[in-house]
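Inside the fold
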Amino acid sequence: MALDIVDLVAGYGDITVLRGINLSVPAQGVVTLLGANGAGKTTTLNAISGLQASVSSGAIRLEGTDLTRMPAHERVEAGIAHVPQGRQLFPFMSVRENLELGSYAPRARGHDKDVLDRVFSIFPRLKERLRQQAGSLSGGEQQMCTIARGLMSKPRYLLLDEPSLGLAPIVVKQVMSVIRQIAGQGIGVLLVEQNVALALKQAQYAYVLEHSEITIAGPATELQNDDRVRKAYLGL
Ligand code: ATP
């Protein structure tokens with residue numbers, strides 16, 4: 001039971017960004033994808049969710065279902081939710097309306113109440129702010145709202161792109177705690193993070209993407225002690 005990326009070659013038009021990467025996200029827990037700016041982390045998430053990036057060879061399989069050539073909305077239906085970098089909420093719509101946009105997929109329709117209850121159990125602050133315009137939430141609350149919107153489609157796998165970006169350390173802690181809760185509830189999380197130390201603390205397994213290829217992979221605890229990771233990404 002996993003989301004498997006097999007020998008994936010992907011990019012944008014004539015530009016190849018990923019040159020045959022392999023990674024696997026189990027149905028529960030956190031896997032993190034690390035790498036320098038421009039290494040192709042966002043492109044990996046885009047290729048999995050079917051947004052922008054195009055796949056020229058290799059495969060994306062969700063528990064045996066081949067997603068590789070599926071349109072993005074069918075991938076949502078299959079159980080993929082992508083929480084993009086930079087929040088991208090609709091600022092003039094209420095928190096409730098933003099959340100409802102996430103439950104548009106048929107797999108979530110008719111389950112609104114159950115899904116909302118589950119989301120509120122993880123994000124109690126959002127319940128208090130349902131009528132508030134999303135643009136008037138604090139940065140941390142907006143990030144929570146973006147992740148909550150991703151959960152509204154009842155995903156089996158959640159792709160998170162830089163959820164800590166631009167947040168104060170205390171808020172980052174809260175976001176990470178939420179991610180651990182989600183991963184403990186039977187959702188496989190693929191976490192892309194600039195903050196390598198933080199990402200390795202949340203994850204059970206980690207991959208490092210360098211020059212379009214996965215160069216290091218292993219249990220997060222091992223990567224914390226890997227000299228290459230310590231030098232290049234932890235400044236040690
Ligand atoms: P960052 O941490 O800076 O977001 P990243 O590892 O997520 O970096 P990507 O955003 O996946 O990296 O970018 C990988 C490469 O693909 C970069 O060279 C980038 O310029 C290029 N790229 C990204 N998006 C597009 C696009 N829509 N069209 C063409 N090239 C793109």
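Each chain carries its own residue numbering, running from 1 in the written order of its sequence. Two thresholds apply to this predicted model, a pLDDT of at least 70 for residue-level local features and 80 or more for giving and counting side-chain atom pairs, whereas whole-chain, interface and lining totals are computed over all residues. For side-chain calculations, the full set of non-hydrogen atoms in the structure is used, while hydrogens and water are omitted.

Under an unreviewed UniProt entry, the name given to the protein chain is ABC transporter ATP-binding protein, and the organism recorded is Limobrevibacterium gyesilva. UniProt positions are given in the numbering used here, feature names are shortened, and annotations may be inferred rather than shown by experiment. UniProt annotates the protein chain under Sequence similarities (unreviewed entry) with the comment "Belongs to the ABC transporter superfamily."

1. Some remarks on the sheet that holds strand β5 (residues 65-66)
Two strands pair if DSSP finds at least two bridges between them. To qualify as a helix, a DSSP run of H or I must reach at least 4 residues; to qualify as a strand, a run of E must reach at least 2; elements of each kind are numbered from the N terminus. As summarised here, the arrangement of the four strands in space is β2-β1-β4-β5, forming an open sheet in which the pairing is antiparallel. Edge positions in the open sheet fall to β2 (15-26) and β5, since each of these has one partner strand only. Two residues form a contact once any of their heavy atoms are found within 4.5 Å. Axis definition: a line fitted to C-alpha atoms, limited for helices to the stretch in contact. Angles are taken between N-to-C directions and run from 0 to 180 degrees. Most of the contacts of helix α1 (residues 41-49) go to strand β1 (residues 2-12), to which it runs at about 110°, and overall it touches β1, β2 and β4 (54-62).

2. Side note on the confidence of the model for the protein chain
Chain-level pLDDT for the protein chain is 91 on average; 98% of the residues reach the 70-or-more range. Scored by ipTM, the complex comes to 0.94, with pTM at 0.94. What pLDDT conveys is the predictor's confidence in a given residue, as a value from 0 to 100.

3. Observations regarding the site of the ligand
Being near a molecule or strand, for a residue, comes down to having at least one heavy atom within 4 Å of it. Not every one of the 14 residues close to the ligand is listed here, only the nearest: Gly 38, Lys 41, Thr 42, Thr 43 and Gln 194. Within the contact set of the ligand, an oxygen atom lies 3.3 Å away from a side-chain nitrogen or oxygen of Asn 37. Here a polar contact is taken to be a pair of N or O atoms separated by no more than 3.5 Å, where protein atoms must pair a possible hydrogen donor with a possible acceptor and residues adjacent in sequence count only if both atoms sit in side chains. Contacts to the ligand include Gly 38, whose backbone N or O atom sits 2.7 Å from an oxygen atom. Protein chains shield 61% of the accessible area of the ligand, which is 630 Å² for the free molecule. Ranked by residues supplied to the shell around the ligand, first place goes to α1 with three residues. All amino acids are sorted into three groups, where Ala, Val, Leu, Ile, Met, Phe, Trp, Tyr, Cys and Pro are nonpolar, Asp, Glu, Lys and Arg are charged, and the leftover types, Gly among them, are polar. In the shell around the ligand, the residues fall into four nonpolar, eight polar and two charged. In short, Shrake-Rupley with a 1.4 Å probe defines the accessible areas, and a residue's cover is counted only from the protein chains shown.

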